[in-house]
Amino acid sequence: MSTQPHSAEQALQPTAVRAPHGDSGSQPDDDQVADHDHAFKWREMLRIALVATAAACVWWHLWEPSLRISPIGLLGLIGGGWPIFKEAVENLLAKRMTMELSMAIAIIAAAAISEFFTALVITLFVLIAEVLEGMTVSRGRRAIRDLLDFLPRAVSVRRGGGVAEVDTEALAVGDAVLVNPGGRIPVDGTVIAGHSFVDQARITGESMPLEKTAGAPVFAGSINQSGALEIRTERIGRDTSYGKIIEAVEQAERSRAPVQRLADRMAGYLVYFALGAAALTYLLTRDIRSTISVVIVAGACGIAAGTPLAILGAIGRAARDGAIIKGGLFLEQLSQVNTVALDKTGTLTYGQPQVRGIIPVGGAEAARLLDTAASAELRSEHPLGKTIVAHARALGRTPTEPERFGYTPGRGINAVLSGELVLVGNQALLRDYGISVPDDLRGRQPEASAVFVARGGQLLGAIVIADTLRPETASAIEAIRSLGIETVLLTGDAQAVAEVIARDLAISEVAADLLPEDKRRRIKDLVAHGRIVAMVGDGINDAPALIEAQVGVAMGSGTDVARESADVVLLGNDLLKFANALGIARRARGIIRANFVGTIAVDAVGIGLAAFGLLNPLLAAFIHVASELAFILNSARLLPPRSRTQPMIQTAQARS
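All values derive from a computational prediction rather than experimental measurement.

## Quick look at the overall build of the chain
A count of helical and extended segments in the chain gives 24 helices and 22 strands. For the chain, the proportion of its 656 residues judged to be buried stands at 51%. Across the chain, every contact between residues at least 6 apart in sequence was considered, and the portion connecting residues at least 24 apart equals 67%. Counting only carbon and sulfur atoms, one obtains 58% of the accessible surface of the chain, whose full area is about 28600 Å².

The structure is reproduced here in structure tokens:
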């Protein structure tokens, strides 16, 4: 089996996992990870079996030549407890107070008073707990490895007049890559031949497969569904859109949130407290068994292990759901957000004008009104004019070429059709030609732009054009409000438009006619008044506000500037992904708090019972390990579900 990393792995190396008792410290590729995991399991299983066998022998007194020392017990402690003792010594030399050190002290103390069975049971519990913790953490890491494994390891490339199968690490920019139906696209590039539909939901968030023909862009991590494609390679490895997504997730996992640093300090304090309580217990009672029980029962694993696991799970789950959180710091800040500021165009809306209504007057027909406007605007470069022409063609209408075309900036179009003067523009244009517009036609939809149309000196009516809300926007805003978070609309659009959007979405605060610097100033004011603000935007004009907010959130289809300025990137344009990320962040904070409170409560009660002789070392060990597992499993509730990779591949193959 090859141990050379493929290009996908070179670009997307998995981060180091804290293996139980320091068994891992390198950055292996996927094959090596699999071998390491296999060896790790066997090694740990052998240790557990050795300690369990030794404990049984000591319990049944199979060979006890001395009343003070049990050879079998001693052998079991040395062989099975070696990783615990090794890490304890390393922590001691590094002046770190950890739970491994306190457990090593408890094991040695129990053996010193000839409680070999208790010492072996403590060792057994610790080994089992560490294996379960390692398995739980591996499940969280597997979410990232699943993303990595989604890219193919071998690809077909057209070279030297033929097609060759090569490793992805051998790809170069400019190569022509062939992708069959059902295959996964390994590079970012442009289609140079073929026709197909491509599922790129993992990259852009598009819910439906997109048609791809020559000249269309494609992204690594997409699934080719129906036809063969030949793609010119433009970006590989870390430079691909898929590579940047996974790199962002991995960097987020490596970062340490303030709450995690607090957890590490708290864990050290609890160990000091346990040792101090043990020393006080011995001074007051002179009972070595009670003293050892105090050391054993106290634990900070709910904090030390549960906190990073909760952060890992939250970041992994959010990534699976389409929200890339760039670090533990931003996850923690996201959990504290109480105000969400939203850009309008491209965030709440599509950012593209669309015809919302055709309003004929004076007996005119809607079809004649649309045909007249589309023909007059046929040569226009104005966005509203292009929208009218596109709408007419989408309805199967065929605009005719005007005999004359003129454009007055700030007013609109004057053209000649079949010898008649046609006016398409605002009220000022029609007023210049002595044509009045009824008041009810002007103010019917204040949030939209009304384009008035007249022909032969007669008003035909108006075409209402406006940006359209994304279908998921209302649900997303409602989900954000259900978390008790206030919403603020910050837009450069007109006040009337902003107020209608805010009213329809029940957004509490509105600020319109804002320049980029104005948006930044608004965010700064909110922060100055004690708000924890998340700013959601998609364009270059949103970048200053994204940086100013505690958490900047960029829509995945937005500009590169916005995505680089953001702390959270949404794949695609679904604001519900952000609402979901807010919920995940709050769940993570709740779990971490529960672990903090639970750990302190268990330690306080356990130490009190042990100090008064109500817990023997064996029961103390059981309580310690049981509470540790409870806190770890509590944190594991945030871990993402098992890989969706295979079902996605099967679905793509079924469709093809």
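From this point, things continue past the structure.
## A word on the sheet that holds strand β10 (residues 323-325)
A sheet is described by the order of its strands in space; here 7 strands give the open sequence β10-β22-β21-β20-β11-β18-β19, paired in mixed fashion. Each edge of the open sheet is held by one strand with a lone partner, namely β10 and β19 (509-511). Direction aside, neighbouring strands of the sheet carry axes that sit 20° apart on average. Relative to β19, helix α18 (residues 495-505) is tilted by about 160°, and along the sheet it contacts β18 (486-490) and β19.

## A closer look at the side chain of Thr 190
You can see Thr 190 is positioned in strand β4 (residues 188-194). Residue Thr 190 is classed as buried on the basis of its relative accessible area of 14%. Those residues in contact with Thr 190, other than ones at most four positions away along the chain, are Gly 215, Ala 216, Pro 217, Glu 230, Ile 231, Arg 232 and Glu 234.

## Section: unusual backbone geometry
The general pattern is negative phi for most residues beyond glycine and trans for most peptide bonds. Phi is positive for Ser 114, close to 65°, though the residue is something other than glycine. Within the fold, Ser 114 resides in the loop between α4 (99-112) and α5 (116-149). In this structure Ser 114 comes out as partly exposed when scored by relative accessible area, which is 25%. Its identity is not glycine, yet Arg 286 carries a phi of approximately 55°, on the positive side. Turning to its location among the elements, Arg 286 is positioned in the loop between α8 (258-285) and α9 (288-297). Residue Arg 286 is classed as exposed on the basis of its relative accessible area, which comes to 56%.

## Observations regarding the environment of Arg 411
Its place among the elements puts Arg 411 in the loop between β13 (404-408) and β14 (412-417). According to the relative accessible area criterion, Arg 411 is partly exposed, its value standing at 34%. Arg 411 sits 18 residues away from Leu 429 along the chain, and the two C-alpha atoms are 5.1 Å apart. For Arg 411, the residues in contact, after removing those within four places along its chain, are Gly 425, Asn 426, Ala 428, Leu 429 and Asp 432. A distance of 2.6 Å separates a polar atom in the side chain of Arg 411 from a polar atom in the side chain of Asp 432.

## Structural notes on the pattern of salt bridges
In total, this model carries 20 salt bridges according to the counting rule given. Salt-bridge contacts for Arg 411 lead to Asp 432; the nearest nitrogen and oxygen are separated by 2.6 Å. Residue Arg 411 is found in the loop between β13 and β14, and its partner Asp 432 is found in helix α15 (residues 427-432); the two are separated by 21 residues along the sequence. Two residues, Arg 520 and Glu 517, come together in a salt bridge whose shortest N-O distance is 2.5 Å. Of this pair, Arg 520 and Glu 517 are both found in helix α19 (residues 516-528), 3 residues apart, which corresponds to roughly one turn of the helix. Several salt bridges share partner residues, and in doing so they unite Glu 517, Asp 518, Arg 520, Arg 521 and Glu 548 into one network.

## Side note on the environment of Ala 110
Mapped onto the elements of the fold, Ala 110 is located in helix α4. For the pair formed by Ala 110 and Arg 289, sequence separation is 179 residues and the distance between their alpha carbons is 7.9 Å. Those residues in contact with Ala 110 that lie beyond four places of it in its chain are Glu 115, Phe 116, Thr 118, Ala 119 and Ile 292.

## Here's the deal with the nonpolar core
Grouped burial of nonpolar side chains is what soluble globular proteins tend to show. Counting residues in hydrophobic clusters, the biggest one holds 45 residues, and the most contacted among them are Leu 334, Val 340, Leu 348, Leu 575 and Phe 578. At 11 residues, helix α22 (residues 575-611) tops the list of elements feeding residues into this core. Val 340 has contacts with Ile 480, Ile 485, Glu 486, Thr 487, Val 488, Ala 534, Val 536, Phe 578 and Leu 582, leaving out every residue within four places of it along the chain. Core analysis: the next-biggest nonpolar cluster, separate from the first, contains 38 residues, Ala 88, Ile 296, Val 297 and Ala 620 among them.

## As for the packing of helix α12 (residues 328-336) against α22
One can describe the packing of α12 onto α22 by two numbers: an axis separation of 8 Å at closest approach and a directional angle of 95°. Judged by the inter-axis angle, α12 sits roughly perpendicular to α22. For the pair α12 and α22, contact is made by Leu 331, Leu 334, Ser 335 and Gln 336 and by Phe 578, Ala 581, Leu 582, Ala 585, Arg 586 and Arg 589, respectively.

## Some details on a nonpolar patch on the surface
A surface patch of nonpolar side chains, about 580 Å² in accessible area, is lined by Trp 59, Trp 60, Leu 62 and Trp 63. Along the polypeptide, Trp 63 turns up in the loop between α2 (30-59) and α3 (71-93).

## Things to note about helix α14 (residues 383-394)
Compared with an ideal rise of 1.5 Å per residue, which puts 12 residues at 16 Å, α14 spans 16 Å between its outermost C-alpha atoms and is within 8% of the ideal. Within α14, the full set of buried residues consists of Gly 385, Thr 387, Ile 388, Val 389 and Ala 392. Contacts from the buried residues of α14 go to β12 (349-360), α13 (366-376), β16 (449-455) and β17 (458-469). Phi for Gly 396, located one or two positions after α14, is positive at around 85°.

## Side note on the pairing of β14
Side-chain direction in a regular strand flips from residue to residue, so the side chains alternate between the two faces of the sheet. Judged by how many residues are buried, β14 sits mostly within the fold: 6 of 6 residues are covered. Across 5 bridges, the pairing between β13 and β14 is antiparallel. Bridging from a neighbouring strand, Phe 405 pairs with Ala 415 of β14. Bridge count for β14 against strand β15 (residues 420-425) is 6 bridges, and the pairing is antiparallel. Paired with Leu 417 across the two strands is Glu 420, which belongs to β15.

## With respect to the sheet that holds strand β3 (residues 176-179)
Pairing in this open sheet of 6 strands is antiparallel, and the strands run β2-β1-β3-β9-β4-β7 from one edge to the other. Looking along the sheet, the strands with just one partner apiece sit at the ends: β2 (162-167) and β7 (217-218). Note that strand β1 (residues 154-159) and β3 share 3 bridges and pair antiparallel. Within β3, the position partnered with Val 157 by the bridge is Val 177.

## A short note on the confidence of the model for the chain
The pLDDT averaged across the chain works out to 80; a share of 80% of its residues lies at or above 70. This stretch, residues 1-39, has a pLDDT under 50; its non-local contacts, to residues over four places away or in other chains, come to 81 contacts. Scored below 50 in pLDDT, residues 643-656 shows 22 contacts in the model against residues more than four places distant or in partner chains.

Here is what the cut-offs are and how they apply
- Residues numbered from 1 in each chain as written.
- Predicted model: local features only at pLDDT ≥ 70, side-chain atom pairs only at ≥ 80, totals over all residues.
- Heavy atoms only, no water.
- Helix = DSSP H or I, 4+ residues; strand = E, 2+ residues; numbered from the N terminus.
- Buried < 20%, exposed > 50% of the residue type's maximum accessible area, 1.4 Å probe, protein only.
- Contact = heavy atoms within 4.5 Å.
- Areas by Shrake-Rupley, 256 points an atom, 1.4 Å probe, with all protein chains shown as cover.
- Pairing = 2+ DSSP bridges.
- Axes fitted to C-alpha atoms, helices over the stretch in contact; angles between N-to-C directions.
- Polar contact = N/O pair within 3.5 Å; in protein donor to acceptor, adjacent residues only side chain to side chain.
- Salt bridge = Lys/Arg side-chain N within 4 Å of Asp/Glu carboxyl O.
- Core = buried A, V, L, I, M, F, W, Y, C linked by side-chain atoms within 4.5 Å.
- Parallel < 35°, antiparallel > 145°, perpendicular 65-115°, else oblique.
- Patch = residues over 30% accessible without salt bridge, like charges linked within 9 Å, V, L, I, M, F, W, Y side chains within 5 Å.
- Expected span 1.5 Å × (residues − 1).
- pLDDT = per-residue confidence, 0-100.

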